[in-house]
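Commentary on secondary and tertiary structure
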Amino acid sequence: MKGSLIALAELFGLSSRGVRTSAFRLAADDWLDVERVGRRSYYGLSDVGLLRVQHADRRIYEFNHPQWDGRWTLAVLVGSMRASKRLDLKRELLWESFGQLAPNVFAHPHADHTSLREILKAANAEETVAVLSAESLDAYARRPLQVIMKETFKLEHVERSWKQFIARFSPVLSIYRSLAPVESFFVRTLLIHEYRRVLLRDPNLPEALLPVNWPGLHARHLCGELYGVLLAPSELFLQSHVETADGALVKTPRAITRRLSTR
């Protein structure tokens, strides 16, 4: 319900007007659906919004990745499409951690092909994007590949952001037991927001392609540990303060339980 959303947003210093404006824009951008019951408005993810969240959910909460086999997935935009549609597709590929090698060429070292197929299908771009597989050859120098990693994926900026994340949230490990439920919800929300913000700029490269002592690995484990200890008290707060179209929020959504089991 909009009232519940406004009350939660106030904890972060957001105004009711700002929340209404943001909800309106998210609905206009096909992130949210709105159900009106009398004078009340209830918001839920649209089909497109759910697909986007599921892609982000896999990246944020499913922490384990298979060993890299040395191959790359290339997505090459080859057909004609409207400029706005092309821009939206590029944005979706970048959100999925593809690096842009050239204006219409995107690469990823271990792409989630389920997510990639969903992105192309949702964009109606299955006939205008060629998906290829490539690998570097041992007979040639690896220096150009290292340059690609540094310049295409902006690793220095991402590394600095991960170090800031670690410095900001590490102290919570020593005080989380003293937090009230509302404080646990507050910290858990900021934790995932900040983690997601950096993660969406992190190409999530295999360890074989990462610099030595990559702080993203530490940040991943820190986020998982904090999320686990903050979950129960923050859920208690939500159950007592959030109203849905079916009444009060009475239990932890199954998706959150799955997150802990796959962490």
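In short, a report on the structure. (Residues numbered from 1 in each chain as written. Predicted model: local features only at pLDDT ≥ 70, side-chain atom pairs only at ≥ 80, totals over all residues. Heavy atoms only, no water.)

Observations concerning the packing of aromatic side chains
The final tally for this structure, using the stated rule, is 9 aromatic pairs. Ring centres 5.0 Å apart and planes at 40 degrees place the aromatic pair phenylalanine 165 and phenylalanine 169 in the tilted group. Pair noted here: phenylalanine 165 and phenylalanine 169 are both in helix H7 (residues 155–169), with a separation of 4 residues, about one helical turn. The pair formed by phenylalanine 165 and phenylalanine 169 is uniform in burial state, with each residue classed as buried. Aromatic ring contacts, followed pair by pair, group Phe12, Phe185, Phe186 and Phe237 into a single cluster. (Phe/Tyr/Trp six-rings, centres within 6.5 Å; stacked < 30°, edge-to-face > 60°. Helix = DSSP H or I, 4+ residues; strand = E, 2+ residues; numbered from the N terminus. Buried < 20%, exposed > 50% of the residue type's maximum accessible area, 1.4 Å probe, protein only.)

A short note on the environment of glutamate 183
By the element assignment, glutamate 183 lies in helix H8 (residues 181–199). With relative accessibility at 37%, the residue glutamate 183 sits in the partly exposed group. For glutamate 183 and phenylalanine 237, which are 54 residues apart along the polypeptide, the C-alpha to C-alpha distance reads 9.1 Å.

A few points about the packing of helix H3 (residues 47–61) against H8
Here H3 crosses H8 at 100 degrees, and the two axes come no closer than 11 Å. Considering the angle they form, H3 stands roughly perpendicular to H8. Residue-level inspection shows Arg59, Ile60 and Tyr61 of H3 in contact with H8, the latter providing Ile192, Tyr195, Arg196 and Leu199. Split by residue class, the contact of H3 with H8 holds 5 nonpolar, no polar and 2 charged. (Axes fitted to C-alpha atoms, helices over the stretch in contact; angles between N-to-C directions. Parallel < 35°, antiparallel > 145°, perpendicular 65-115°, else oblique. Contact = heavy atoms within 4.5 Å. Nonpolar A, V, L, I, M, F, W, Y, C, P; charged D, E, K, R; others polar.)

Let's talk about the sheet that holds strand S3 (residues 71–77)
Across the sheet, 4 strands lie side by side as S4-S5-S3-S6; this open sheet has antiparallel pairing. Only two strands of the sheet have a single neighbouring strand rather than two, namely strand S4 (99–102) and strand S6 (129–135). Taking each pair of neighbouring strands and ignoring which way they run, the sheet shows an average axis angle of 30 degrees. Direction of pairing for S3 relative to S6: antiparallel, over a ladder of 7 bridges. Residue pairing for S6: threonine 73 is matched across the bridge by serine 133. The strands touched by helix H4 (residues 83–95) within the sheet are S3, S4, strand S5 (105–108) and S6, with S3 carrying the most contacts at an inclination of about 165 degrees. Contacts between helix H5 (residues 113–122) and the sheet are confined to S3 and S6, with S6 contributing the most and set at about 155 degrees to the helix. (Pairing = 2+ DSSP bridges.)

Remarks on the packing of H8 against helix H9 (residues 215–241)
H9 packs onto H8 with a crossing angle of 145 degrees between their chain directions and a minimal axis gap of 7 Å. In terms of crossing hand, the pair formed by H8 and H9 is left-handed. Between H8 and H9, the residues in contact are Pro181, Val182, Ser184, Phe185, Val187, Arg188, Leu191, Ile192, Tyr195 and Leu199 and Ala219, Arg220, Cys223, Leu226, Tyr227, Leu230, Leu231, Pro233, Ser234, Glu235, Phe237 and Leu238, respectively. Partitioning the contact of H8 with H9 into residue classes produces 17 nonpolar, 2 polar and 3 charged. (Left-handed = near helix turned anticlockwise from the far one by under 90°.)

Some words on helix H2 (residues 16–28)
The end-to-end C-alpha separation of H2 is 18 Å, in line with the 18 Å expected for 13 residues at 1.5 Å each. Positioned one or two residues after H2, aspartate 30 has a phi angle of 65 degrees, which is positive. (Expected span 1.5 Å × (residues − 1).)

A look at the nonpolar core
Nonpolar side chains in soluble globular proteins generally cluster together in the buried interior. In this structure, Met149, Trp162 and Phe165 are the most contacted members of the largest nonpolar core, which totals 34 residues. At the level of elements, H3, S3, helix H6 (143–153), H7, H8 and H9 are the ones that each hand at least two residues to this core. Looking at this core, the element that brings in the most residues is H9, giving 7 residues. The contacts of tryptophan 162, once residues within four sequence positions are left out, are Tyr195, Val198, Leu199, Asp202, Trp214, Pro215, Gly216 and Ala219. Listed in part, the 13 residues of the second largest apolar core include Met81, Phe98, Leu116 and Val129. (Core = buried A, V, L, I, M, F, W, Y, C linked by side-chain atoms within 4.5 Å.)

Considerations on H3
Here H3 spans 21 Å end to end across 15 residues, near enough to the 21 Å set by a 1.5 Å rise per residue. Among the residues of H3, Gly49, Leu51, Arg52, His55, Asp57, Arg59, Ile60 and Tyr61 are the ones counted as buried.

With respect to unusual backbone geometry
Positive phi values are uncommon outside glycine, yet lysine 154 reaches one of about 50 degrees. Positionally, lysine 154 belongs in the loop between H6 and H7. Judged by its relative accessible area of 46%, lysine 154 falls in the partly exposed class. We note that asparagine 213 has phi near 55 degrees; this positive angle belongs to a residue other than glycine. Relative to the helices and strands, asparagine 213 is located in the loop between H8 and H9.

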